[in-house]
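Read off the chains here:
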Amino acid sequence: MTEVAAARRSRITPERVAEIYAAVLDLLREVGYDALTMDAVAARTRSSKATLYRQWGGKAELVVRAMRCQKPGSTGDVDTGSLQGDLHGLIGRESDYVMEQNAALMRALAMAVHTNDDLRRAFRDLLVEPEIDEFRGIVRRAVERGEVHPDNPALDYMVHMLVGAFATRTLIDEQPPTRDFLISYIDAVVLPALGVSPR
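Just so you know, these numbers come straight off a predicted model, no measurement behind them.

### Topic: the overall build of the chain
The number of helices and strands found in the chain is ten helices and zero strands. In sequence order, the chain lays out its α and β elements as α-α-α-α-α-α-α-α-α-α. Taken across its 199 residues, the chain has 39% of its residues classed as buried. Summarising the internal contacts of the chain: among those between residues at least 6 apart in sequence, 68% fall at separations of at least 24. As displayed, the chain has an accessible area near 11000 Å², and 53% of this comes from carbon and sulfur atoms. For the chain, the separation between the mean place of its 25 positive charges and that of its 29 negative charges on side chains is 6 Å.

### Comments concerning the packing of aromatic side chains
Taken as a whole and judged by the stated rule, the model has two aromatic pairs. Centroid distance Y21 to W56: 5.6 Å. Interplanar angle 55°. Geometry classified as tilted. A residue pair is termed long-range when its members are at least 10 positions apart, and Y21 in helix α2 (residues 14–35) and W56 in helix α4 (residues 49–56) qualify at 35 residues. Given a relative accessible area of 10%, Y21 falls into the buried group. The positively charged end of K59 is found above the aromatic ring belonging to Y33, 4.1 Å away from the centroid. The aromatic ring of F181 is capped on one face by R169, whose charged end is 4.1 Å from the ring centroid.

### Things to note about the environment of P150
Considering the arrangement of structural elements, one finds P150 in the loop between α8 (117–144) and α9 (158–173). Owing to a relative accessible area of 53%, P150 belongs among the exposed residues under this scheme. Sequence separation of P150 and Y33 is 117 residues, and the distance between their C-alpha atoms is 40 Å.

### Comments concerning the layout of surface pockets
Roughly 180 Å³ of volume is contained in the second largest pocket. Lining the second largest pocket are I132, F135, R136, V139, L155, D156, Y157, M158, V159 and H160. For the lining of the second largest pocket, the secondary structure elements donating two or more residues are α8 and α9. Ranked by residue count, the leading element in the lining of the second largest pocket is α8, at four residues. Along the lines of polarity and charge, the residues of the lining of the second largest pocket split into seven nonpolar, one polar and two charged.

Definitions and cut-offs
- Residues numbered from 1 in each chain as written.
- Predicted model: local features only at pLDDT ≥ 70, side-chain atom pairs only at ≥ 80, totals over all residues.
- Heavy atoms only, no water.
- Helix = DSSP H or I, 4+ residues; strand = E, 2+ residues; numbered from the N terminus.
- Buried < 20%, exposed > 50% of the residue type's maximum accessible area, 1.4 Å probe, protein only.
- Contact = heavy atoms within 4.5 Å.
- Areas by Shrake-Rupley, 256 points an atom, 1.4 Å probe, with all protein chains shown as cover.
- Lys, Arg positive; Asp, Glu negative; His and termini not counted.
- Charge placed at Lys NZ, Arg CZ, Asp CG, Glu CD.
- Phe/Tyr/Trp six-rings, centres within 6.5 Å; stacked < 30°, edge-to-face > 60°.
- Lys NZ or Arg CZ within 6 Å of the ring centre and 35° of its normal.
- 1 Å grid on protein atoms, 1.4 Å probe; cavity = no way out; pocket = protein on both sides within 12 Å on 5 of 7 lines; lining within 4 Å.
- Points joined across faces, edges and corners; volume = space filled by probe spheres on them.
- Nonpolar A, V, L, I, M, F, W, Y, C, P; charged D, E, K, R; others polar.

These results come straight from atomic positions and should not be treated as a statement about function.
Listed below in structure tokens is the structure:
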């Protein structure tokens, strides 16, 4: 990026960016991805469309960066000395209310991710891949500690297990995902699959 482009992109203050992200997520919950427009974001945030496009390039990047911004820090900040402790620690960083809001956002994006190439790319590059990398760090520490055998076939499916539990809780049980549910799922399903005995 040139210095001129970097200067253009840095004109919005962090506080203003946070306001725009909050408005984007509210709109996403209200109308879904397909009906969300840059015009609507501009009107809701009293911004110009030119500013939004200059800062984020388009709707897909804006939406995914807004979702990424609300994540509570890096999984690298969680290191309890055990896989169970680390996974419980990750779940404990978000309240039940925030998890319910996140589940609503995922439902709002579910169909669009499969039909919109720009959104799918942004979702993978800016949200999915960074989170998978962070989970791999947690698993790598567990392997290095000797908690998990490096050849355990369930290692390749750990993220699928966790995301699946979060995403299908409402569909199957007609209830939002909660910390208690996810922690019990980790202890009953994920840890035994990895050969770890819950304490």
